Amino acid sequence: MYSVEVKNVTKAFSKFIAISDVSFSAHEGESTIVLGSNGAGKSTLLKMIAGLYRPTNGMIKLFGNVLDTKTRDELSRKFSFLGENYALYDNLSVRANISFFAKLYDVDNAERRMKDILAEFDALEYLDRKVGELSRGTKQKVAICRALINDPEMLLLDEPTAFLDQNASETLHKMLEKLSSKKVTILYATQRLEELYKIKSSVILIESGRITASGTLGSIMRKLGSIEVEVALINKLGRESMRRLFGKYGLSYGSGSLLRAKVKGINEIPRLIREISQEGGLIINVNYINGNVGELMKRGS
């Protein structure tokens, strides 16, 4: 059975078309990465599937039922949406936040479940702290706990590793792998290219509100030619380092310590990371900016 079916969906905000004629589906227990740059339409797509936005055109079905104003409340009990704003109350404690959401979904053993999840993220000590006092990374851990508390059949995750350190990111990936083995459907929106290698999934590539390619990671890598990436650094490279790397990757600085580079394909990214590191660059992550869409569409997606 399909957990989600998106059929010819378009979303317009006044004259701006955020999503244009998008169609895809995901079976029960299937994991799908929605890859795209910032502003490509990933968040809008997930918010429509979560019922937070209504499509301008097209249809969305969840668990075999059309998603509309009549069915949204009942269907929403089967999935969890983790968005960019945490969906938490800053003036309440972590315990009170999660308990509130647990009651909405009639969760049994909520106290035990929240403690088990927070313990995996090494965040149990914050249980009685107000959310507004926490760092962004700890808030993200609490938001993940909130999303998992009702044992959902489907997870809609929008940049879930944002603000998480490496250990917490790895913990999340292991959690998702276990959930997938239990037939939980996962839609995972990200612009971080390293996520592609950490989650066993199919991939949807979205650019300017359109799906430009879809399939396995291997098929996407074969189809996708040159791409632009953004490398987030803690520090800045020196002039000589920039000069040495410019010829290979057309390296240039964006805002702050963000580097922009062009690579011939996804397979070249590990070499780019290695060479930036050898020049003293301390890398936080590598984000997808855009790809050779024209070539993709000529070859077929």
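Scope of this entry: the structure provided in the associated data block. (Residues numbered from 1 in each chain as written. Predicted model: local features only at pLDDT ≥ 70, side-chain atom pairs only at ≥ 80, totals over all residues. Heavy atoms only, no water.)

**Looking at the overall build of the chain**
Helix and strand content of the chain: ten helices and 14 strands. Here the C-alpha coordinates of the chain stretch approximately 60 × 45 × 40 Å along the principal axes. With 301 residues in all, the chain has 52% of them scored as buried. When contacts within the chain are restricted to residue pairs at least 6 apart in sequence, long-range pairs at least 24 apart make up 70% of them. When the accessible surface of the chain is totalled, it reaches about 14,900 Å², and 47% of it is carbon and sulfur. Across the chain, the mean location of the 44 positive side-chain charges is 5 Å away from that of the 35 negative side-chain charges. (Helix = DSSP H or I, 4+ residues; strand = E, 2+ residues; numbered from the N terminus. Buried < 20%, exposed > 50% of the residue type's maximum accessible area, 1.4 Å probe, protein only. Contact = heavy atoms within 4.5 Å. Areas by Shrake-Rupley, 256 points an atom, 1.4 Å probe, with all protein chains shown as cover. Lys, Arg positive; Asp, Glu negative; His and termini not counted. Charge placed at Lys NZ, Arg CZ, Asp CG, Glu CD.)

**Some details on the sheet that holds strand E4 (residues 57-62)**
Read across the open sheet, the four strands follow the order E2-E1-E4-E5; overall the sheet is antiparallel. Edge positions in the sheet fall to strand E2 (16-27) and strand E5 (65-66), since each of these pairs with one other strand and no more. When E4 meets E5, the two strands line up antiparallel, connected through two bridges. Considered in E5, the bridge of Leu62 is made with Asn65. Those strands touched by helix H1 (residues 42-49) are strand E1 (2-13), E2 and E4, and its axis lies near 60° from that of E2. (Pairing = 2+ DSSP bridges. Axes fitted to C-alpha atoms, helices over the stretch in contact; angles between N-to-C directions.)

**Regarding H1**
A turn of α-helix holds 3.6 residues, and therefore any two residues three or four places apart point the same way. Counting buried positions along H1 yields seven of eight residues, so the element is predominantly enclosed. Listed as buried for H1 are Lys42, Thr44, Leu45, Leu46, Lys47, Met48 and Ile49. Remark: Gly51 follows H1 within two positions and exhibits a positive phi of approximately 85°.

**Brief notes about the sheet that holds strand E13 (residues 258-263)**
Picture the strands of a sheet paired through backbone hydrogen bonds; they go either parallel or antiparallel. Spatially, the four strands line up as an open sheet ordered E12-E13-E11-E14, and their pairing is antiparallel. Two strands lie at the open edges of the sheet, namely strand E12 (252-253) and strand E14 (283-291), each paired on one side alone. Across two bridges, the pairing between E12 and E13 is antiparallel. When the bridges of E13 are listed, Ser252 appears paired with Arg260. Its contacts with the sheet place helix H8 (residues 239-249) against E12 and E13, and it is angled at close to 35° to E13. Contacts from helix H9 (residues 269-278) reach strand E11 (227-233), E13 and E14 within the one sheet, and its direction differs from that of E11 by about 35°.

**Focus on the nonpolar core**
The biggest cluster of nonpolar side chains holds 65 residues, and the ones touching the most others in it are Leu193, Ile227 and Val229. Looking at which element gives the most residues to this core, the answer is helix H5 (residues 136-148), with six residues. Setting aside residues no more than four positions away along its own chain, Leu193 makes contact with Leu35, Ile227, Val229, Ile269, Val286, Asn287 and Tyr288. In terms of nonpolar packing, the next biggest core, distinct from the first, is built from 27 residues, Phe24, Met48, Phe79 and Ile204 among them. (Core = buried A, V, L, I, M, F, W, Y, C linked by side-chain atoms within 4.5 Å.)

**Points about the pairing of strand E10 (residues 210-216)**
Of the pairings in the sheet, the one linking strand E9 (residues 202-207) to E10 comprises six bridges and is antiparallel in character. When the bridges of E10 are listed, Glu207 appears paired with Arg210. In this antiparallel pair of consecutive strands, E9 and E10, the connection spans two residues, and Ser208 shows a positive phi of 50°.

**Brief notes about the environment of Tyr89**
In this fold, Tyr89 is placed in the loop between strand E6 (79-82) and helix H3 (94-104). The spatial distance from the C-alpha of Tyr89 to the C-alpha of Lys200 is 33 Å, given a sequence separation of 111 residues. For Tyr89, the contacting residues outside a window of four places in its chain are Asn97, Phe100, Phe101 and Val131.

**Here we look at the packing of aromatic side chains**
All chains considered together, the criterion is met by four aromatic pairs. Judged by centre distance (5.3 Å) and plane angle (75°), the rings of Phe13 and Tyr53 are edge-to-face. One end of the pair, Phe13, is in strand E1; the other, Tyr53, is in the loop between H1 and E4, and 40 residues separate them in sequence. By relative accessible area, which is 27% here, Tyr53 ends up partly exposed. Seen in terms of ring centroids, Phe100 and Phe101 are 5.4 Å apart; in terms of plane orientation they differ by 75°. Their pairing is edge-to-face. What makes Phe100 partly exposed here is its relative accessible area of 36%. Judged by its relative accessible area of 12%, Phe101 is buried. One aromatic cluster is present, built from ring pairs that chain together Tyr89, Phe100 and Phe101. Geometry around Phe13 places Lys11 over its ring, the cationic atom sitting 5.1 Å from the centre. (Phe/Tyr/Trp six-rings, centres within 6.5 Å; stacked < 30°, edge-to-face > 60°. Lys NZ or Arg CZ within 6 Å of the ring centre and 35° of its normal.)

Spatial relationships are all this shows, so hold off on functional conclusions.
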